[in-house]
Amino acid sequence: MLARRVVPVLAVLLLAACQSGPATQGGLPGLLERVVPGAPQRVAPSPGTPVAQPGSAGQTNLPPAMAQALQQQQTLPVATPSLAIETQPLPPITAPALTPPASADAICIGFLAPLSGPNAGLGRALFDAAQLALFDLADNRLVLLPRDTEGNPEKATEAARRVIAEGAQIIIGPLFANEAAAVGAVARERNVKVLSFSTDRSVAGGGVYLLGFTPDQQVERVIGYARTRGLTRFAALVPDSAYGNAVAQVASAAAAANGAQMLRQDRYPVDTGDLTPTVRRFATGLRALPARGLEEPPVDGVDPNIARPVDGLLLPEGGARLRALAPLLPFFDIDPRAVRFLGTGLWDDPSLSTEPALVGGWYAGPAPEGFADFSRRFEQGFGRRPPRLASLAYDATALVGILARRTDTTTPFDDRGLSNPDGFAGYDGIFRFQADGLVQRGLAVLEIQRRGGGRVIDPAPTSFQQPAN
């Protein structure tokens, strides 16, 4: 495996950086410059930036030591892309025993992820993405301190205490909400900020900032867009879980905020093996609603000759469960020719193109070009395709690198720097942190195609500035 061979090389380079002087100013051209006043500060290369093969002439994305190590791995098999958490067992990273760096210029970054256990595949990919960003930054002050949480809050607490004792000035990770809550409590004692991959709003705040793709913004974006296309009557079929309950609450508020109605919401147990009774009951409930009259204004993209109780149906589900749910809807007369199916970022899955009922459905998520560019660079560097969340670790590490170069403060990772109202532009588009620790992202609206997954039908914004009237 690449990680087992390259990590010792990287560890040596990072330890050397810990002892070195001021930062070099290399890295990708234009990586860290402010674009224009009021626009997000870039933390990732623009999509489409040419990428040389590791070890080839003109290679600028990786330093020679890493490129040489990666060049030896070009025959590695490529894994299949997946939106789900990878569960294959991987050996844990054996990090060197680190002591506080001798150089006053060193900036240590704690990195907490499940590097062993059932979620080690995802944790390893997050760590590799962070390493890629670190080398792109080419700042020899930056030192990554990886620690294994095993996906466990007790282990995450221990890992947080270790990296803080070793001099970490900011922490990237952990992955899960219960870990983030535990790490946040430890970090607050030392005034160390945490950039967590979690999407659980309950753990945000008090120095914990969430990087994950939160469902509320996705729901607000897709319902807002649907309203501009004439949809006014909505329903939702959601899992009976914390995620589903959050989506249901946001969906009702988003419909009302856009002058629309949420006419029905049903929930189904997440542990059920057969969704047929749920969909039958839901369809019966929809038929009891007053049908939209044929004389009412038409809805874009649906058959105007079919009377229907709702215009849009929100399905915040993904993967195998969504593929099992989708064909049951037309079977019980919830016709996708008359009702627009709507989803969240869980629909960011090319395999959904094979489900006819979902073709033409809309969902909100990051513009795909950025992740496609990141995925190519990651695969060239590590010999496998990254899971969808890996780009978050790149953007987080690059963001830390940007903040480390602030010259207006002796505490670059304070709330003022992290909450820059102009925001930042990463592989997953523009984002900024709010005072409550939640992340605000610029999202696109995509439509499921018969081939290749989603196609952008409403682009993501490029700035948080409101357009002038």
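Residues numbered from 1 in each chain as written. Predicted model: local features only at pLDDT ≥ 70, side-chain atom pairs only at ≥ 80, totals over all residues. Heavy atoms only, no water.

1. What to know about the nonpolar core
Then comes step 1: With 49 residues, the main nonpolar core has Phe111, Leu195, Phe197, Phe374, Tyr394, Leu399 and Phe433 as its most contacted residues.
Then comes step 2: Those elements giving two or more residues to this core turn out to be strand 2 (107–113), helix 3 (120–137), strand 3 (142–148), strand 4 (168–172), helix 11 (368–382), helix 12 (390–404) and strand 13 (429–433).
Then comes step 3: For this core, the element with the highest residue contribution is helix 12, accounting for 11 residues.
Then comes step 4: If you look at the next biggest cluster of nonpolar residues, it comprises 28 residues, including Leu275, Leu329, Trp347 and Ile448. (Core = buried A, V, L, I, M, F, W, Y, C linked by side-chain atoms within 4.5 Å. Buried < 20%, exposed > 50% of the residue type's maximum accessible area, 1.4 Å probe, protein only. Helix = DSSP H or I, 4+ residues; strand = E, 2+ residues; numbered from the N terminus.)

2. Considering the packing of helix 6 (residues 215–228) against helix 7 (residues 242–257)
Relative orientation and spacing of two packed helices are given, respectively, by the angle between their axes and the distance between those axes.
Then comes step 1: Viewed as axis vectors pointing N to C, helix 6 and helix 7 meet at an angle of 35°, and their least axial separation amounts to 9 Å. Between helix 6 and helix 7 lies a crossing whose hand is right-handed. Here Pro215, Asp216, Gln218, Val219, Glu220 and Ile223 of helix 6 come into contact with helix 7, specifically with Tyr243, Val247, Val250, Ala251, Ala254 and Ala255.
Then comes step 2: Considered class by class, the residues forming the contact of helix 6 with helix 7 number 9 nonpolar, 1 polar and 2 charged. (Axes fitted to C-alpha atoms, helices over the stretch in contact; angles between N-to-C directions. Left-handed = near helix turned anticlockwise from the far one by under 90°. Contact = heavy atoms within 4.5 Å. Nonpolar A, V, L, I, M, F, W, Y, C, P; charged D, E, K, R; others polar.)

3. Considering the confidence of the model for the chain
Then comes step 1: Chain-level pLDDT for the chain is 80 on average; 75% of the residues reach the 70-or-more range.
Then comes step 2: A low-confidence stretch, residues 1–37 stays under pLDDT 50, and its non-local contacts, those more than four residues away or across chains, total 89 contacts. (pLDDT = per-residue confidence, 0-100.)

4. Notes on the environment of valine 339
Then comes step 1: Positionally, valine 339 belongs in the loop between helix 10 (328–331) and strand 10 (340–343).
Then comes step 2: Between the alpha carbons of valine 339 and arginine 233 there is a distance of 9.9 Å; along the sequence they are 106 residues apart.
Then comes step 3: Those residues in contact with valine 339 that sit more than four places away from it in its chain are Val310, Asp311, Gly312 and Leu313.

5. Let's talk about the sheet that holds strand 6 (residues 208–210)
Then comes step 1: Taken in spatial order, the 5 strands make up an open sheet running 3-2-4-5-6, and their pairing is parallel. Strand pairing shows two members of the sheet lacking a second neighbour, strand 3 and strand 6, which therefore form its edges. Direction aside, the axes of adjacent strands within the sheet are offset by 25° on average.
Then comes step 2: Pairing analysis gives 7 bridges linking strand 2 to strand 3, with the strands arranged parallel. Across the sheet, glycine 110 pairs through a bridge with leucine 145, a residue of strand 3. (Pairing = 2+ DSSP bridges.)

6. Observations regarding the side chain of glutamine 131
Then comes step 1: By the element assignment, glutamine 131 lies in helix 3.
Then comes step 2: At a separation of 2.9 Å, a polar atom in the side chain of glutamine 131 contacts the side chain of aspartate 128. (Polar contact = N/O pair within 3.5 Å; in protein donor to acceptor, adjacent residues only side chain to side chain.)

7. A closer look at the pattern of salt bridges
Then comes step 1: Summed over the entire model, instances satisfying the criterion amount to 22 salt bridges.
Then comes step 2: In this structure, arginine 201 engages aspartate 216 in a salt bridge whose closest nitrogen and oxygen atoms are separated by 2.3 Å. Placement of the pair is arginine 201 in the loop between strand 5 (193–196) and strand 6 and aspartate 216 in helix 6, with a sequence separation of 15 residues.
Then comes step 3: For arginine 201, a relative accessible area of 46% puts it in the partly exposed group. (Salt bridge = Lys/Arg side-chain N within 4 Å of Asp/Glu carboxyl O.)

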